[in-house]
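Structure at a glance
Below, each chain spelled out in residue letters.
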Number of protein chains: 4
Amino acid sequence: MLGPDDVSGLKTLVDQGVINPEEVIAILGKTEGNGCVNDFSRGFSTFAFRSYLQEITGKTHSQLSKQVAFVMSGGTEGVMSPHAVVFTNRVTDATPQDQKSFVAVSGFTREFLPEEIGTKSMVFEVAEAVTQLMDSAGIDDPKDVHFVQVKCPLLTSEHINNAHTRGKPVVTHDTYKSMAYSRAAAALGVGVATRELNEVDISAHDIGHNWGLYSSVASTSSGIELMNCELILMGNSRLGSGEYWIGHAVMQDSIDLQAILRALKNAGLNFEELPNPRELTRIASVFAKAEMSSTGTVRNRRTTALTDSDINHTRHARAVVSAVIASVVGDPMIYVSGGAEHQGPDGGGPIAVIVSQ
Amino acid sequence: MLGPDDVSGLKTLVDQGVINPEEVIAILGKTEGNGCVNDFSRGFSTFAFRSYLQEITGKTHSQLSKQVAFVMSGGTEGVMSPHAVVFTNRVTDATPQDQKSFVAVSGFTREFLPEEIGTKSMVFEVAEAVTQLMDSAGIDDPKDVHFVQVKCPLLTSEHINNAHTRGKPVVTHDTYKSMAYSRAAAALGVGVATRELNEVDISAHDIGHNWGLYSSVASTSSGIELMNCELILMGNSRLGSGEYWIGHAVMQDSIDLQAILRALKNAGLNFEELPNPRELTRIASVFAKAEMSSTGTVRNRRTTALTDSDINHTRHARAVVSAVIASVVGDPMIYVSGGAEHQGPDGGGPIAVIVSQ
Amino acid sequence: MLGPDDVSGLKTLVDQGVINPEEVIAILGKTEGNGCVNDFSRGFSTFAFRSYLQEITGKTHSQLSKQVAFVMSGGTEGVMSPHAVVFTNRVTDATPQDQKSFVAVSGFTREFLPEEIGTKSMVFEVAEAVTQLMDSAGIDDPKDVHFVQVKCPLLTSEHINNAHTRGKPVVTHDTYKSMAYSRAAAALGVGVATRELNEVDISAHDIGHNWGLYSSVASTSSGIELMNCELILMGNSRLGSGEYWIGHAVMQDSIDLQAILRALKNAGLNFEELPNPRELTRIASVFAKAEMSSTGTVRNRRTTALTDSDINHTRHARAVVSAVIASVVGDPMIYVSGGAEHQGPDGGGPIAVIVSQ
Amino acid sequence: MLGPDDVSGLKTLVDQGVINPEEVIAILGKTEGNGCVNDFSRGFSTFAFRSYLQEITGKTHSQLSKQVAFVMSGGTEGVMSPHAVVFTNRVTDATPQDQKSFVAVSGFTREFLPEEIGTKSMVFEVAEAVTQLMDSAGIDDPKDVHFVQVKCPLLTSEHINNAHTRGKPVVTHDTYKSMAYSRAAAALGVGVATRELNEVDISAHDIGHNWGLYSSVASTSSGIELMNCELILMGNSRLGSGEYWIGHAVMQDSIDLQAILRALKNAGLNFEELPNPRELTRIASVFAKAEMSSTGTVRNRRTTALTDSDINHTRHARAVVSAVIASVVGDPMIYVSGGAEHQGPDGGGPIAVIVSQ
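This one's a predicted model, so the numbers in the text were calculated from it and none came from an experiment.

Moving on: the confidence of the model for chain A. Taken over all residues, the pLDDT of chain A has a mean of 96, while the share at 70 or more is 100%. Model confidence for the complex: the whole-complex pTM is 0.94, and ipTM, which rates the interface, is 0.94.

Have a look at this one:
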C-alpha cells in the first residue's frame, strides 16, 4: 500500500476476478501511523476499504459491517511494509477434506461502554465470540487454532468524561495505557476460549498485571475507530480448501530467532538450520505480536525502551520483532503488532505463519 | 551502564587491576540519547568518563585528551543495551608475532571550522589521520584494517551563525542534516586511506550524494560535543597481543542476515549454517553501522522510515540492524551506530566482530 | 471536531438549513496529526468531508473538486482545538455595496510534477491563480487582500524516485524539507500577485533562502494528499454581503502580542489596550502562520526548537503562536499553521481576523 | 546557557566578584532535554555546575551537597530559553528591615525508597522540610511564601525491580507516570506546610487524583538524578536584603493572561491594563507551572495533548504557558516547569515573579 487509503491492490484483484468482493470476510492491515492513541491511519484505511467495498457491492454501511471485519493495526516501525491481507470465505457443498488445512473466519462482539474496556466483561464477551468462531470454522480441538486476531477499543478523553458523567469508573485515565488494558482483556478472552486459561482463575486485578496468564495464539490490537471487538480466527480444519496450512510458535523474547524457525517448521516448511530461498517463497503471510519485557531487560541486559519518553515502547518492540522476522523470511511485508499483554510470556509473543502447500 | 554517567564498570576493572588507566587509549560507547542533534547523553558520558580518568590518573584535561579518544554514539533504540568498550594499549619490547592478531590504536584530527564540516577538507584530514594510525598499528596491507571508528562534529545554530558572521557558507542549514554530511566526509576520508577510494575521484558534490563511493570498514558518528574528529582504528597486525581476532563483512541492506554470519566466520567463529551457543561465547564485541536505503524500500517493499516526521530514520535503522544482529549473536549489548553514508552500499553498512582466540 | 473524520458539525448546519451545500466553496481545517510528512489526518478529513458533500449533493468526485477547495492544515499542538471553517459563496443580483466587507473565493492551480515543487514554476502558477481570484472577488486594490491560504504539495520517496526515473532533479531529497520549499514557492507566488513582490526580482535560489522577500498576507501549508495547489482568498470587497470584516497584521516574532492586538483593531474591534470580553465575542475566525526564526533566537535569547530532533520546529512554532493568540482572544479554536517561509519576516508571520459587524 | 553543561555565565559572575561561590545556596535551571524520564540534560547540568563549584571552592561532593540545592527542570519547548538562576544567601548581623522583601532559602529531605515515591511519606517529609525552611527564612505568615520549588525523584525500571525484589509495591509501573505521582506528593507536602491543606484530610488515594486539593505556591519537578527532594523556598521576609520583591498569582488554565498580569501587579509592577516596556525591565525572574486540564478541554474546546502519543502532554503544556508568559513579559528566558499536579487547580498552575524595587 502506498498510503493508508490505497485500495488499489484489492481493486486490481477484484477487477481480475481473483477476489469476489461478496466473499471477503476480513481485512487485516498494517498501517503506517504511530500505532498509539492518535493514530488515524487505521481509521482512514478502514474508511477507504469500506467505501470501496460498499461501492463495488452496493451494500449499506450496516450490511457490510456484518460481512467484513476490518482489523487495522498501526505502526510500521523499522522496515515493516504497510499492507493488507484480505481473507475470503467460500461456502461450498464439498464434503470435508481428510486432511486439515487453513481456514479463517471472522466475527464481532457487541459494543462496549467505556467503563467495560479492560475489564472482565470484555474477557467474557471475547471468549464467547471466539467459541462461536471455532464452531463455525469446524474446529473441535483448540490445538487447531493458531491465531486469533482481535481488534479492540481504547479510551479517549471523551470516553472517560462520558463514563464520569454517568458516575462510572474507568480502568485507567491514561489514554495510551487504556490500549494495554483493552488488549489484555481481549487476549485473556481468547485464552479462555482455547482452554489455555480457565475463566474462574482470572480476577479483575490479573488483567494487565499477572503475566503468568497468557494465550499462545491471541493477537490483540486496540484502536480509536471502534467500540466493539472485531475478530479473525485462523486455524487448520477439515473445512479448509487445502491450499494453505497455518502453524505457530511462541517467541520467549523479542530476539527469539529459534522460535521463528520453529513456527516456520510448524507451518510446514522443510529445512534443517535455516530455510533456503526457494522454500521461503512458500510463505504467504506472517503474523506476530511484539512487546518489551516489563523487567526492562533482554537476555539480562538493560534496555531503554521502557524509559524512553520520546518513543513509546510498543514502537520499539514492533521495530525489533519485525526486523528479526524479516531477516529470516527475507521479506519486510509482515504483520507485527505491538502490545502483547497476555499474548505469550512477558516480553515475548506468538508468531503464526501461513504457507502454501 | 545504568545511565550515561555510569562509570562503575570501568572503576571496578581498574580497582581489580584488570585495566591500567594509563594504558586506556579509547572508550567507544553506546549511550541512550536520541542519537541526533540534541543528544546530551554523549557529552554527559564523555564528561563522566573523563572526570573519572582525570581523578584516577591525576592528569589535566589537556593531557588526557592526547591519550584517550572518547567516541560516544547515541541511540539505543529497540533492544540495544547502553555500554562502553574500553580499549587499552600496552607497548612492549616483545618481537612481533608470527600470526597477526587484534590491535587498536586511536588518534585525532585538528579542530574544524563550521564551514569545513562535511567538505573535502574533512575528507583530507581524516585520510591523513587514518594513514598515520595504520602506521602506528604496524599495518601495511589495508586489507588488515577491519573497522575505523570516527567521531566527527555537527553544525548547531550557533556554528551556522558563526560562519555567517564571517561570510562563510556552510554545507547545510539543517542541523540534523549536518550530522549526515559530517559522517559522509569522514567516511570518504577512511576510504581514501584504506585505498578503497581514490581522493582525486571524489568531488565536493559526491559528499553525501554519490552512494556508489564507499568504504567497507568506516564507521562514522557525529556529535555536538566536539569540533575535531576522534578516531579508533582496529585491525589485525603482527604487533597484536594474540588474544583476539577481528573480522568484518558488509551488510547489503538492514536485514542482511547472511552478512552477519559471514562477519562471524571472517572473525574466526566455526560453524556451518548457524553458530551454536558455545561458539557464540567467543564473541567479545560487535560493531556495525545502520541506515535506511535512500530509495525508501527494503527488498523492493515500501518502508516508511524516510517519511516519518516523528522518529528520525537513523533511529529506525539502529533499531532494525541491532535487533537482527542481537538475534544472531544472542546478546543485545552490541554497538550499532546510525547514518552509514559512504559506509557500505546505500541502505547497508559494515559489521565488524572481535572474537577471542 | 471530535476527530479528523467528524463532519457532524457541518451536517447539523446543513440539516438546519444554515448552510446550503451547493454554496460551499472551501473548507479550511485544522486537523490533529503531526502537521508533517506522515500526517494522514489531513487526507482523512478531506476524504470524510468530500464523501459527505458528494452524498448530500449527488455530485461526482470530479464535479465536487471544481466547486470546493479542501485546505486541511495538520498540527494542533498545545491548546489548538481541531475544527473546520466552511466558506460559502452566494451569487446574487444585488448591486455592489457602498462599503467593502468580507468576501472569500476559492480556486486551483494545475497539478505539478515532482520536479516543479518548490521552484519558480510554482511561483508563477500560484501568482496566476491568485490574480484570477482577486478578479472574481471584485478586488482591484491589493491592499484589500487580507489572507490567501494555499494548500500545496510535498515530495514523498515515491515522487522523488519518479522524478529520478525520468532523469529530473528535485529541489531536495529530504521529504520533510520539501514541505518548506513548496510553502516557500507558493508564498512568493501570493506576494507577486498582491504586488508586494516583483516576479523578476525572485531567483530560483531565493526560494526558501532569501527571507527578505515576503508576503504579509500569504499562508501556505503543504500536504501529502494533493499534487496541485488549492487556494482560498479572503479580503474586503464591495461584493461582500456586509456581515463580516477582515483585517490583518504581521507578527514580527512568535510572541508578538502587539501585532495580535493590531490585527484585532485592523479588523474592526474597538478597545484601548486590551479588548474586553464582550468585544471579543465579535471574533468569528483567526488565521495565522507560525515559524521559528532561522537564527535560533527569540528576542536575542537562545531557543532550542531548531536543534530538537524529537519534535520538528514547525510543531514548536504552532504551539507557541496559537497559545499567545488564544490567550488574547480567549478561545483556543483558532487556525495557526506552521512553516511561514516568505510569509512575514523571518520568525514571524501574518495574522488575519474576521469579525462580525 | 549554550548547552546543559555551560557554566560560563556563573563563572563570569564569580570572576567579576558579583557572586561569592561560598554564598550560593541554590541553582534553579531550565535545561533543554525532554523533561521526561530519559532527560539527561538535568543530570548533565547538575554535574557541570557541581564540578565547577567543587573546583572553585575546594569542597568535596558531600560538603557541597549540604550547601547547594541543584534543581534542574527539563524541557524548553516552544520559545523557552535554557538558563539557570543562581540564588545566594548572605548572613549579616544587620537588624531585620521594617519592610518585608525577597528572601530565598534551600534545603533537603532524606533519600526515599522506591516504594515511598508518590506516597504519604513523601507528603510528610516535604511538609517537614518546608516548615523548617519557613523558619530559617524568618517567615511566620504562610501568606508570605510565594514559591516553593521542589525537585523530587522518579521511578526507573531498576527502582521498580529493586522494590519488587524486596516484596514492596510501587505506586505505578509506568516510569513516565511515576514522575506525576512524585510531583503530586511533593506538592501536597508544600500545601500542608503553608496551611493551604490539612494533612489529615489527605488520603493515599487523593495523591494524583483529587485535584480539588492544591497549593497555590508549590512547584514540583521530578528527575532521574536524585532520590531525595531538594527544596528552594521563596518569600518576602524582614530578613530580606531589600533589593527584590516576590509576588504570585494562580493561572486557572494554561492561557490565563489575566493571572499573569495579576502576578506582575502582586510583585509590585505598576500598570493599568498592560505593563509598558520600561516597567517590564524591573522583572528579574518568572517561575510558573504548566499542565493540561485532565478534561482534555481548554475554555470548553477540545484539545489534543492528552491523546498525543508522540509528544507527552507536559511538553505541550510547557510550550503553551511559557509562550503566553513570554508574550506578556517580552522575554522567553523564563522558568516554566511541567506537571502541575496539586499545584493550582486542574489545568492551571502558580506563577511567581521577582521584581527589583
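Okay, the packing of aromatic side chains next. Residue and element names in this part refer to chain A. Here the structure, examined in full by the defined rule, presents 24 aromatic pairs over all chains. Both rings, one in Phe-147 and one in Phe-287, keep their centres 5.5 Å apart while their planes meet at 25 degrees; by these two values the pair is stacked. Of this pair, Phe-147 sits in strand β5 (residues 145–152) while Phe-287 sits in strand β9 (residues 283–290), and the two are 140 residues apart along the sequence. Of the two residues examined, Phe-147 and Phe-287, each falls in the buried class. Taken together, the aromatic side chains of Phe-87, Phe-102, Phe-147, Phe-287 and Tyr-335 make up a single cluster linked through ring pairs. Stacked on the ring of Tyr-335, the Lys or Arg Lys-30 has its end atom at 5.5 Å from the ring centre.

In this section: the relation of the copies chain D and chain C. Take chain D, turn it by 180 degrees, move it 0.0 Å along the axis, and it overlays chain C with an RMSD of 0.0 Å. On the angle and the small slide along the axis, the relation comes out as a two-fold axis. Considering only C-alpha atoms, the part of chain D nearest the rotation axis is D:Val324, at 2.4 Å. The overlap is high: 100% of the interface residues of chain D also sit at the interface in chain C, so the same surface is used on both sides.

Right, let's talk about the interface of chain D and chain C for a bit. How large an interface is tends to be reported as the accessible area lost when its parts come together. Of the residues lining the interface, 43 residues belong to chain D; the matching set on chain C comes to 43 residues. When chain D packs against chain C, close to 3,300 Å² is buried across both sides, 59% of that on carbon and sulfur atoms. For the chain D face of the interface with chain C, the top three residues by lost area are D:Leu274, D:Arg301 and D:Arg302, together amounting to 20%. Where chain D touches chain C, the interface holds six salt bridges.

To continue, consider the interface of chain B and chain A. Taken residue by residue, the interface counts 42 residues in chain B and 43 residues in chain A. Carbon and sulfur atoms supply 59% of the area buried between chain B and chain A, which totals about 3,400 Å² over both sides. It is B:Leu274, B:Arg301 and B:Arg302 that lose the most area in chain B upon contact with chain A, and together they represent 20% of the buried surface on that side. Inspection of the region where chain B meets chain A yields six salt bridges. For B:Asp308, the salt bridge is made with A:Arg315, and the minimal N-O distance between the two is 3.9 Å. Linking chain B to chain A there are 14 residue pairs in polar contact (both at pLDDT 80 or more). Of all elements in the fold, only α7 (257–267), β11 (301–302) and α9 (313–329) of chain B reach the threshold of two or more residues within the side of chain B that touches chain A. Residue contributions to the side of chain B that touches chain A peak at nine residues, all from α9(B). Partitioning the side of chain B that touches chain A into residue classes produces 21 nonpolar, 11 polar and 10 charged.

Let us now look at the side chain of D:Arg318. All names here are of chain D. Looking at where Arg-318 falls in the secondary structure, it is placed in helix α9 (residues 313–329). Taking the relative accessible area as the measure of exposure, Arg-318 reaches 2% and is therefore buried. One polar contact links Arg-318 to Glu-77, side chain to side chain, over a distance of 2.7 Å. Setting aside its immediate chain neighbours within four residues, Arg-318 contacts Lys-30, Asn-34, Gly-35, Gly-74, Gly-75, Glu-77, Met-80, Ala-290, Val-336, Ser-337 and Gly-338.

What relates the pair of chain copies is a rotation about an axis plus a shift along that axis. The transform that puts chain B on chain A rotates by 180 degrees and translates by 0.0 Å along the axis, for an RMSD of 0.0 Å. Most of the interface of chain B is mirrored in chain A, where 100% of its interface residues again form contacts.

Residues and elements named next belong to chain A. Side chains His-83, Val-85 and Phe-87 of strand β3 (residues 83–88) all project onto a buried face; the interleaved residues Ala-84, Val-86 and Thr-88 project onto a face where none is buried. When strand β1 (residues 24–31) meets β3, the two strands line up antiparallel, connected through six bridges. By the bridge assignment for β3, Ile-27 is matched with Val-86.

So, on to helix α9 (residues 313–329) of chain C. Residues and elements named next belong to chain C. In this model α9 runs 24 Å from its N-terminal to its C-terminal C-alpha over 17 residues, within 8% of the 24 Å that 1.5 Å per residue would give. For α9, the tally of buried residues reaches 16 of 17 residues, placing the bulk of the element in the interior. Of the residues flanking the end of α9, it is Gly-330, one or two places downstream, whose phi is positive at about 75 degrees.

So, how was this worked out
- Going along each chain's sequence as written, the residues are numbered from 1 onward.
- Each chain is given a letter, starting from A, and each ligand a number, starting from 1, according to the order in which they appear as written.
- Only residues with pLDDT of at least 70 get local features here, since the model is predicted, and only at 80 or more are side-chain atom pairs given and counted; chain-wide, interface and lining totals rely on the full set of residues.
- Heavy atoms throughout the structure, all of them, feed into the side-chain values; hydrogens and water do not.
- One number per residue, pLDDT, summarises how confident the predictor is, and it ranges from 0 to 100.
- Pairs were defined over the aromatic rings of Phe, Tyr and Trp, the Trp ring being its six-membered one, requiring ring centres within 6.5 Å. Orientation was assigned from the angle between planes: stacked under 30 degrees, edge-to-face over 60, tilted for the rest.
- Only runs of H or I of at least four residues qualify as helices and only runs of E of at least two qualify as strands under DSSP, and these elements are numbered from the N terminus.
- Here's how the labels work: a residue is buried when its accessible area is under 20% of the maximum for its type, exposed when over 50%, partly exposed in between, all with a 1.4 Å probe on protein chains only.
- Consider the ring centre and the ring normal. A charge sits over the ring if Lys NZ or Arg CZ is within 6 Å of that centre and within 35 degrees of that normal.
- A residue counts toward the fit only if its pLDDT is at least 70 in both copies, and the copies are then superposed by least squares on the C-alpha atoms of those residues.
- Contacts: residue pairs with any heavy atoms within 4.5 Å of one another.
- By definition, the buried area sums, over both parts, the 1.4 Å-probe accessible area that each loses when the two are put together.
- When a carboxyl oxygen of Asp or Glu is within 4 Å of a side-chain nitrogen of Lys or Arg, the pair counts as a salt bridge.
- Counting of polar contacts relies on pairs of N or O atoms within 3.5 Å, with two restrictions inside protein: one atom must be capable of donating a hydrogen and the other of accepting it, and residues adjacent in sequence are counted only when both atoms are side-chain atoms.
- Lys, Arg, Asp and Glu make up the charged group, whereas Ala, Val, Leu, Ile, Met, Phe, Trp, Tyr, Cys and Pro make up the nonpolar group; the residues left over, Gly among them, are polar.
- By the convention used here, strands pair only if DSSP detects at least 2 bridges between them.
- By this rule, a helix spans an expected 1.5 Å times one less than how many residues it contains.

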